[in-house]
Amino acid sequence: MTTHENPPGERLSRAFQHRLNELFATRQRAGRGATNREVANWMTEHGYAVKEAYLSALRGGHRTSPSLRIIEGLAAYFGVEPKDLLDTGEDPKKELRLALNDHGVEAFALRAEGLSAENVRAVTQLLDQMRRMQSLPAVDPVDEP
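Keep in mind the model is a prediction, meaning the values are calculated, not measured.

**Describing the overall build of the protein**
Across its full length, the protein carries 7 helices and 0 strands. Along the protein, helices and strands appear, N-terminal first, in the series α-α-α-α-α-α-α. Relative to its 145 residues, the protein shows a buried fraction of 23%. Long-range pairs, those at least 24 residues apart, make up 50% of the contacts in the protein between residues at least 6 apart in sequence.

Encoded structure:
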């Protein structure tokens, strides 16, 4: 079945479910992803009343039409824009945006601004070495100076 043959809203629902689960997995606390309970408690405490079971249903694809208020609350918790939860995967900068949401990565980028191309290469090589030491996958070079 091609994308154009999907029932209305199905593509967006799948994109939402995928993006939500991705955010839950990458939100690191104590070396693990966020839990439905943690997110539901935080959202409720911040005025976005939601039940843990409802988040589970959204993540599992059993509920597919969250209110705008729930989308706003999820976006607030994960530190993204509400539109990012509805990302259909057509954004070529998606990986970069996700990386910037990772703990401390934005701080690296801000500190690198204005450095010479030579210094940026040196920092990049250092980061590549650290990734290898932690057995992380290599990063494809993008527009390196």
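What follows continues from the structure just given.
**What about the pattern of salt bridges?**
Within the structure shown, the criterion is met by 4 salt bridges. Residue Arg37 pairs with Glu52 through a salt bridge whose shortest N-O separation is 3.3 Å. With Arg37 in helix H2 (residues 36-45) and Glu52 in helix H3 (residues 52-60), this residue pair connects regions lying 15 residues apart in the sequence. Classification of Arg37 by relative accessible area gives exposed; the value is 52%. Asp84 is the partner of Lys83 in a salt bridge, and the nearest nitrogen-oxygen pair spans 3.9 Å. The exposure class of Asp84 is buried, given its relative accessible area of 9%.

**Some thoughts on helix H7 (residues 117-133)**
Two residues of an α-helix separated by three or four positions point the same way, owing to the 3.6 residues in each turn. End to end, H7 covers 24 Å across 17 residues, agreeing with the expected 24 Å (1.5 Å per residue, within 8%). Immediately downstream of H7, the backbone of Ser135 shows phi near 60°, a positive value.

**Observations regarding the UniProt feature "domain: HTH cro/C1-type" (unreviewed entry) in the protein**
Residues annotated by UniProt as "domain: HTH cro/C1-type" (unreviewed entry) correspond here to residues 50-85. End C-alpha atoms of residues 50-85 are separated by 17 Å, and the span's content is 56% helix alongside 0% strand.

**Regarding the packing of aromatic side chains**
Evaluation of the coordinates by the stated rule reveals 3 aromatic pairs. Taken together, a centroid distance of 5.3 Å and an interplanar angle of 70° make the contact between Trp42 and Tyr77 edge-to-face. Here the residue Trp42 occupies a position in helix H2, and Tyr77 occupies one in helix H4 (residues 68-78), the gap between them amounting to 35 residues. Aromatic side chains Tyr77 and Phe78 sit 4.8 Å apart centroid to centroid with 90° between the ring planes, which places their arrangement in the edge-to-face category. Since its relative accessible area comes to 7%, Phe78 is described here as buried. Between the NZ or CZ atom of Arg59 and the centre of the ring of Phe24, over which it lies, the distance is 3.8 Å.

What counts, and where the lines are drawn
Residues numbered from 1 in each chain as written. Predicted model: local features only at pLDDT ≥ 70, side-chain atom pairs only at ≥ 80, totals over all residues. Heavy atoms only, no water. Helix = DSSP H or I, 4+ residues; strand = E, 2+ residues; numbered from the N terminus. Buried < 20%, exposed > 50% of the residue type's maximum accessible area, 1.4 Å probe, protein only. Contact = heavy atoms within 4.5 Å. Salt bridge = Lys/Arg side-chain N within 4 Å of Asp/Glu carboxyl O. Expected span 1.5 Å × (residues − 1). UniProt positions renumbered as here; feature names shortened; annotations may be inferred. Phe/Tyr/Trp six-rings, centres within 6.5 Å; stacked < 30°, edge-to-face > 60°. Lys NZ or Arg CZ within 6 Å of the ring centre and 35° of its normal.

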